[in-house]
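Analysis of the macromolecular model
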Amino acid sequence: MTRLHAFWQQHRWLRFLVMGGINTGFSYGVYALLVYCGLNYAVSNLCSLVLGILFSFRTQAAFVFQDAARGLFMRYVMVWTILYLSNILMIGSLIRLGANAYSAGALAIVPTAVLSYFLQKSFVFTGARRA
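Per chain, residue numbering runs from 1 following the sequence as it is written. Local features in this predicted model are restricted to residues of pLDDT 70 or higher, and side-chain atom pairs are both shown and tallied only at a pLDDT of 80 or more, whereas totals for entire chains, interfaces and linings draw on every residue. To get the side-chain values, all heavy atoms of the structure are used, and hydrogens and water are removed first.

**Topic: the state of the cysteines**
Here, a disulfide means two cysteine sulfur atoms that sit within 2.5 Å of each other. Applying the stated criterion across every chain, the model contains 0 disulfides. Unpaired in this structure, Cys37 has its nearest cysteine sulfur neighbour in Cys47, at a distance of 11 Å. In this structure Cys37 comes out as exposed when scored by relative accessible area, which is 57%. Throughout this description, buried means an accessible area under 20% of the type-specific maximum (1.4 Å probe, protein chains only), exposed means over 50%, and partly exposed covers the range between.

**A short note on the packing of aromatic side chains**
Between rings of Phe, Tyr and Trp, where Trp is taken as its six-membered ring, a pair exists when centres lie within 6.5 Å; planes separated by under 30 degrees are stacked, by over 60 edge-to-face, and by other angles tilted. Inspection of the entire model under this criterion finds 8 aromatic pairs. Centroid distance Tyr28 to Tyr31: 5.7 Å. Interplanar angle 40°. Geometry classified as tilted. With Tyr28 and Tyr31 both in helix H2 (residues 12-36), this residue pair falls 3 residues apart, about one helical turn. Judged by its relative accessible area of 24%, Tyr28 is partly exposed. Take Tyr31: its relative accessible area is 2%, and that puts it in the buried class. What links up through ring pairs into an aromatic cluster is the set Phe57, Phe73, Tyr76 and Phe125. Segments assigned H or I by DSSP are reported as helices when at least four residues long, segments assigned E as strands when at least two residues long, and all are numbered from the N terminus.

**Remarks on the nonpolar core**
In terms of nonpolar packing, the biggest core is built from 19 residues, with Phe65, Tyr76, Trp80, Val124 and Phe125 touching the most fellow members. Put simply, the parts of the chain that give this core at least two residues each are H2, helix H3 (41-64), helix H4 (72-96) and helix H6 (109-124). The leading source of residues in this core is H4, at 7 residues. We define a nonpolar core as any set of buried Ala, Val, Leu, Ile, Met, Phe, Trp, Tyr and Cys residues linked to one another through side-chain atoms lying within 4.5 Å. The next biggest cluster of nonpolar side chains, apart from the first, holds 6 residues, and it includes Tyr31, Val35, Ala101 and Ala108.

Read these as geometric descriptors, not functional statements.
And the structure:
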């Protein structure tokens, strides 16, 4: 096993950041495209969430938490329901403070990612190996 591979295996937070970056890029791209097409930020965010959930569940299960047990998808969806609601509250608050929908969506990424990691680790992938 190479040192890089060993480092990758030992640090779940690094795997979460890398896979999360890929998943976030995909989801934000969908969000920005839909806002550009004229959809409301909440509808755009919901559409990007649904597509993002379908896209990211397998990557998180396989590469980050290494826990592909059956029955986790519904817990994953429930956690993302909480994340969606908190994300919409953040975006709406930032818009009320004067940000546009694009920058508000981008600014909400970091706190949502941190919350996502801890909720997934605590409530979805609870049987995951420690790393």
